[in-house]
Amino acid sequence: MAFLYLLLLSAGLLLQGPVLANEKPNIFLWMVDDLSYRNFSFGGGPTPTRRLGKAAENGVSFAKAWSNAICRPTRGILMTGEYATKTGWWGQSHPLPTNLGKDFGTFGNLAKSQGYRTLIVGKWQLEGRIAQHGFDHYCLWQKSDGVGAKKLREDYVELANGTAFDPADRGGRVAQNRFWHPLVVRHLWPAQHEMLITTPDDFGPNLFAECVRDFLAVNKTVPFFIYWAGVLAHQHWDTVLESQAWSAMPKVEGTKIFNVLGREAEGTGSLASNLDYADRIAGYLKKLIRREGYYNNTIFVFTSDNASHGFGKGSLKSERGVHVPLIVWGGLVKKRGEVARLISLVDIYNTFSELMGAGIDSSRPNSYSWADYWTGKSNKVVRRWMIGYRGEENSEGVIEPDFTVRNSRFIRDG
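Given the structure is predicted, the values throughout are model-derived calculations rather than measurements.

### Regarding the sheet that holds strand β17 (residues 399-407)
The strands making up a sheet associate through backbone hydrogen bonding, with each pair oriented either parallel or antiparallel.
Point 1. Here 3 strands make up an open sheet; going across it, the order is β16-β17-β18 and the pairing antiparallel. The open sheet is flanked by β16 (385-393) and β18 (411-413), the only strands paired with a single partner. Across the sheet, the mean angle from the axis of one strand to that of its neighbour is 15°, orientation sign disregarded.
Point 2. By the bridge criterion, 3 bridges tie β17 to β18 in an arrangement that is antiparallel.

### Points about the confidence of the model for the protein chain
In low-pLDDT segments, the atomic positions of the prediction should not be examined closely.
Point 1. Per-residue confidence for the protein chain averages 83 on the pLDDT scale, and 80% of its residues sit at or above 70.
Point 2. Across residues 1-22, confidence stays below pLDDT 50; counting only partners more than four residues off in sequence or on other chains, it has 22 contacts.
Point 3. Confidence over residues 160-175 falls short of pLDDT 50; this stretch has 41 contacts with residues more than four positions distant or in other chains.

### Observations concerning the state of the cysteines
Point 1. Counting across every chain of the model gives 1 disulfide.
Point 2. Here Cys139 connects covalently by a disulfide to Cys211, the sulfurs 2.2 Å from one another. Sign of the S-S torsion, about 45° for the bond between Cys139 and Cys211, identifies this disulfide as right-handed. Here Cys139, found in strand β4 (residues 137-141), pairs with Cys211, found in helix α8 (residues 204-218); they are 72 residues apart in sequence, far enough to count as distant. Judged on exposure class, the residue Cys139 and its partner Cys211 are both buried.

### Quick notes on the pairing of strand β2 (residues 60-66)
Point 1. Here β2 lies mainly inside the structure; 6 of its 7 residues are buried.
Point 2. As paired strands, β2 and strand β14 (residues 326-329) are joined by 2 bridges and run antiparallel to one another. Of the residues in β14, the one forming a bridge with Val60 is Val328.
Point 3. Note: β2 against strand β15 (residues 337-344), 6 bridges, orientation parallel. For Val60, the partnering residue across the bridge sits in β15 and is Gly337.
Point 4. As defined by bridge partners, β2 adjoins strand β13 (residues 323-324) across 2 bridges and the pair is classed as antiparallel. From the neighbouring strand, Trp66 faces β13, where its bridge partner is His323.

Thresholds, definitions, all that
Residues numbered from 1 in each chain as written. Predicted model: local features only at pLDDT ≥ 70, side-chain atom pairs only at ≥ 80, totals over all residues. Heavy atoms only, no water. Pairing = 2+ DSSP bridges. Helix = DSSP H or I, 4+ residues; strand = E, 2+ residues; numbered from the N terminus. Axes fitted to C-alpha atoms, helices over the stretch in contact; angles between N-to-C directions. pLDDT = per-residue confidence, 0-100. Contact = heavy atoms within 4.5 Å. Disulfide = S-S within 2.5 Å. Buried < 20%, exposed > 50% of the residue type's maximum accessible area, 1.4 Å probe, protein only.

Take a look at the structure:
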């Protein structure tokens, strides 16, 4: 028995956790909401983000990563590898003209086709049903397959015995606050559409982290793809202040890593407190993936949908609205530290496609694969220029797009 133990130890099998038959990498994508590259300490910001900074040092951190200027156009390129010239996702209009999953196929559909178990957590902000976008499991704020948003809120208020709305409840409207006392529906088990009955002390990002934890605990036989569409650090409507405001964060003790069970709000919110808490969640997720034995075969990607409120969100000038963090780390990622390569979030689709074993989808030529660069198989230049945009309808219902373009040396605003 001792000989068998030593043999397994020498082969590394006791240290690697679940060993998958096809050896496809697990992929975890976390896109935070409204945070600029320059908000982070590694981007020159004043708030320490040491956990993400450590990930940047041990993986690869792109100092020149672009999204689009506002969130929905970013989600369009991120999930499909297609620009709005094809998807129609120029701006924030609702409803948007296409269903990304049904009409084009998202990275969720891609992952499912390659044998991955898929999970989406956080916010939705898409058209159509969850299943149409390739996600088997979900834990979402204000979204459930087969139940409309209005009916969902009505059901929530009824199930919560009318306690879902309190004008002093840290700024929440009826079941609409994404942070404290949120309406969250999850589907992790055979039981369909489990609506969580939350309290004023329940914090949305903590609930999403718990869903990730529970998903990882039982997913031991197939590779996983997790897409966390975050709510941090978006401002919310405060019904007391009657204005947009930063949400208060849960109380933490000193330098202690994010505690999933921490429920006590601490003070008033700020960009700095939201950023600090996002950093703590990143540290927790790294520890969680290590504890479950997945780290050696997992690629973790961290980015943002657009710049922060008050800094450049929505702007195409001087790359203020489109300059976002993009950090890639994990057991399969080559340590490069900060690099000045140009990368766009439109590249995520074909990078994932190659990593998942489907190869590069030539029908999406604007999405370039970084798979070999991330894993250290190549140092070649992948992208030489990139574009950012937004567009809204004018009074006649015609989209008026605006653009910004850059290469390694110059930026031209629209």
